[in-house]
Amino acid sequence: MQEFATIQAQDPDVYEIMAGERTRQRDGIELIPSENYTSPAVLEAMGSILTNKYSEGYPGKRYYGGQEYIDKIENLAKRRAKQLFGAEHVNVQPYSGSPANIAVFMALLEPGDTLMGMKLDQGGHLTHGLGVNFSGKYFNVASYGVRQDSGRIDMDEVRDIALAQRPKLIISGATAYPRQFDFEAFQSIADEVGAMTMADISHISGLVVGGVHPTPFPFTDIVTTTTHKTLRGPRSAIIMCKKQYGKAIDKAVFPGLQGGPHDHITAAKAVAFGEAMQPSFASYAAQIVSNARALAAELIKHGFDLVSGGTDNHLVLVDLTNKGIIGKDAEACLDKAGLTVNKNSVPFDTRSPFSPSGVRLGTPAATTRGMKETEMAHIARWISEAIDNQTDDTKLGAIHDEVRELCAGFPVPAI
Ligand code: DSN
């Protein structure tokens, strides 16, 4: 277990807070689809002395001395990522997902160019063209969503929008879409309109390398992913691309956007990629999807309305309108029951993004603890009971007791 012993001795104020969060993680079930538990080895790399080093530049071309080992770790991380994803070129320096996406725009677009991405309130991401985000402020945005009748992306509609708007870059990828992306179809539309393609696979990269979601290569030009979601690495990101974009991407990351890479995080990425190369990771990825399907089926039995009627990946998007509760209140009462979820807009939501109609649930973290279909049935029942008793703190506390008891049999790595 992470004891935090040095922090405890030196700084009790910080220790108390960290210990509280450790207990919260141990005694509750994490159902936010973008969260996961890293391995002790990944944590050790993140908390290592590699944080002491500056290394602006790239292996063999740095602006600081003393790079013998840092070059080795960055090259190892790159080699492993290339092998895992089948990428021709990899940059492992982006600090996180949003900076990675901005670096891609910086490499490929001029301000005022048109980019096309999925609307945030229908499942996309801030950096895929939201008006208040960098992507929406500096670029002209054409967006697509899902069909109201199916909750799914309609590739004919994507093609119509692309033909009308002639984007320079078409982005596939989402944060709240429970179905698979057809990367080949996106590329064929892009070819027709002369656009480049970017896939932001942050949510699904662990499923891609685990072989349970189609891979964007060889179709897509540029692929970004965070490394801490289904991929189960440190909080960070990488950019992968076809060889011809490699120079522009590297230049955009450094010196275009960032300074020194976080070398301890690069080491942690190398460790996580090594873990994802093991056969056990493919079983993990398959179990994430089986668990999400089981959770979806059980929620439907309890009368929940799921966007698109179910899931093909790691997440379930629940429209709570028929349950007479809004996402914010569901999130709050589930918190009291030890079930952590996040409120989320559903497609064509009539409520605001600050108080949306839905919640988003995911299975990556619970699956890391070893939970399977049986546990998913318990979770769905507890969600239903908690929502039916949303104002009854005694009942919510009793559910939390049951959750805690289950969690005791499924330890979190490193806790
Ligand atoms: N914040 C991430 C998520 O929760 O999906 C996306 O950046």
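In this text, all values refer to a predicted model and were calculated from it rather than measured experimentally.

Tell me what's going on with the site of the ligand, and back it up with residues and numbers.
Close contacts around the ligand come from Ser34, His125, Thr175, His203, Lys229 and Arg360, and that covers them all. Contact between the ligand and histidine 203: an oxygen atom at 2.6 Å from a side-chain N or O atom of the residue. Between an oxygen atom of the ligand and a side-chain N or O atom of arginine 360, the distance comes to 2.8 Å. Relative to its unbound accessible area of 230 Å², the ligand is 64% covered by the protein chains. Of the residues assigned to the shell around the ligand, the class counts are no nonpolar, 4 polar and 2 charged.

Give me the lowdown on the packing of aromatic side chains, citing residues and values where you can.
One pass over the full model with this rule turns up 11 aromatic pairs. An angle of 70° between the planes, with centres 5.8 Å apart, marks the rings of phenylalanine 105 and phenylalanine 139 as edge-to-face. Taken together, the residues phenylalanine 105 in helix α5 (residues 97–108) and phenylalanine 139 in the loop between α6 (134–137) and β6 (140–144) connect sequence positions 34 residues apart. Like phenylalanine 139, phenylalanine 105 is buried. Three or more aromatic residues joined by ring pairs form one cluster here, namely Tyr144, Tyr177, Phe181, Phe183 and Phe186. Directly above the ring of tyrosine 284 sits arginine 232, whose terminal nitrogen or CZ lies 3.8 Å from the centroid. We note lysine 323 situated over the ring of phenylalanine 304; from NZ or CZ to the ring centre the distance is 4.4 Å.

How would you sum up helix α12 (residues 279–301)? Please name residues and give values.
When the terminal C-alpha atoms of α12 are compared, their 34 Å separation across 23 residues agrees well with the 33 Å that a helix rising 1.5 Å per residue should span. In the stretch just after α12, glycine 303 is the one whose phi turns positive, near 85°.

Quick rundown of the sheet that holds strand β9 (residues 222–226)? Include the residues and the values.
Each strand in a sheet pairs with another by means of backbone hydrogen bonds, the pair being arranged parallel or else antiparallel. Taken together, 7 strands build an open sheet; the order of strands is β4-β10-β9-β8-β7-β5-β6 and the sheet is mixed. Whereas interior strands pair on both sides, the edge strands pair on one side only; in this sheet they are β4 (89–91) and β6. Adjacent strand axes in the sheet meet at a mean angle of 20° when their direction is disregarded. Here strand β5 (residues 114–118) runs beside strand β7 (residues 169–172); their pairing, made up of 2 bridges, is parallel. For leucine 115, the partnering residue across the bridge sits in β7 and is leucine 169. Those strands touched by helix α7 (residues 155–165) are β5, β6 and β7, and its axis lies near 160° from that of β6. Sheet strands in contact with helix α8 (residues 183–193) are β6, β7 and β8 (196–200), and its direction is about 170° off that of β7.

Explain the pattern of salt bridges to me, using residue names and the numbers behind them.
Summed over the entire model, instances satisfying the criterion amount to 19 salt bridges. Linked through salt bridges whose partners overlap, the residues forming this network are Arg26, Asp27, Asp401 and Arg404.

Give a detailed account of empty space enclosed by the protein, specifying residues and quantitative values.
Counting across every chain of the model gives 2 cavities of 30 Å³ or more. Forming the walls of the largest cavity are 15 residues, and the residues nearest its centre are Ala174, Tyr177, Phe181, His203 and Ile204. Here the second largest cavity defines a volume of roughly 30 Å³. Considering the residues around the second largest cavity, the lining is formed by Arg24, Gln25, Gly28, Ile29, Glu30, Tyr37 and Thr340. When residues of the lining of the second largest cavity are traced back to their parent elements, those giving at least two are α2 (12–27) and β1 (29–30).

I'd like a description of the side chain of threonine 224, backed by residues and values.
Assignment of secondary structure puts threonine 224 in strand β9. Looking at threonine 224, the relative accessible area reads 1%, which means it is buried. Reaching out from threonine 224, the side chain makes a polar contact with the side chain of asparagine 101 at a distance of 2.8 Å. Beyond its immediate stretch of four places on either side in the chain, threonine 224 contacts Ala100, Asn101, Val104, Met198, Ala199, Asp200, Ile201, Ser202, Ile238 and Ile239.

About the thresholds
- For every chain, the first residue of the written sequence is number 1, and numbering continues from 1 along that sequence.
- With the structure being a predicted model, the display of local features is reserved for residues of pLDDT at least 70 and the display and counting of side-chain atom pairs for 80 or more, all residues being used for whole-chain, interface and lining totals.
- The side-chain numbers reported here are obtained from all heavy atoms of the structure, hydrogens and water having been left aside.
- Nearness here has a simple test: a residue counts as near a molecule or strand if at least one of its heavy atoms is within 4 Å of that partner.
- What qualifies as a polar contact is a pair of N or O atoms within 3.5 Å, subject to a donor-acceptor requirement within protein and to the restriction that residues adjacent in sequence count only when both atoms come from side chains.
- Only the protein chains shown count as covering a residue, and every accessible area follows the Shrake-Rupley method with a 1.4 Å probe.
- Side-chain classes follow a simple rule in which Ala, Val, Leu, Ile, Met, Phe, Trp, Tyr, Cys and Pro form the nonpolar group, Asp, Glu, Lys and Arg form the charged group, and the remainder, Gly included, forms the polar group.
- Only the six-membered ring of Trp is used, alongside the rings of Phe and Tyr, when aromatic pairs are assigned; centres must lie within 6.5 Å, and planes under 30 degrees apart are stacked while those over 60 apart are edge-to-face, with the rest tilted.
- A run of H or I in DSSP becomes a helix once it reaches four residues, and a run of E becomes a strand once it reaches two; helices and strands are each numbered from the N terminus.
- Three exposure classes are used, based on accessible area relative to the maximum for each residue type with a 1.4 Å probe and protein chains only: buried under 20%, partly exposed in between, and exposed over 50%.
- Note on criteria: charge over ring means Lys NZ or Arg CZ within 6 Å of the ring centre, with the direction from the centre no more than 35 degrees off the ring normal.
- For a helix, the expected span equals 1.5 Å multiplied by the number of residues minus one.
- When DSSP finds two or more bridges between a pair of strands, those strands are recorded as paired.
- Interaxial angles span 0 to 180 degrees and are taken between N-to-C directions of axes, which are lines fitted to C-alpha atoms, for helices over the stretch in contact.
- Two residues qualify as a contact provided that any one of their heavy atoms is within 4.5 Å of a heavy atom in the partner residue.
- Here, a salt bridge means any side-chain nitrogen of Lys or Arg that lies within 4 Å of a carboxyl oxygen of Asp or Glu.
- Think of a 1 Å grid over just the protein atoms. A cavity is a set of points where a 1.4 Å probe fits yet cannot get out, a pocket is an open set with protein on both sides within 12 Å along at least five of seven lines, and lining residues have an atom within 4 Å of a point.
- Grid points are joined across faces, edges and corners, and a volume is the space filled by probe spheres set on the points.

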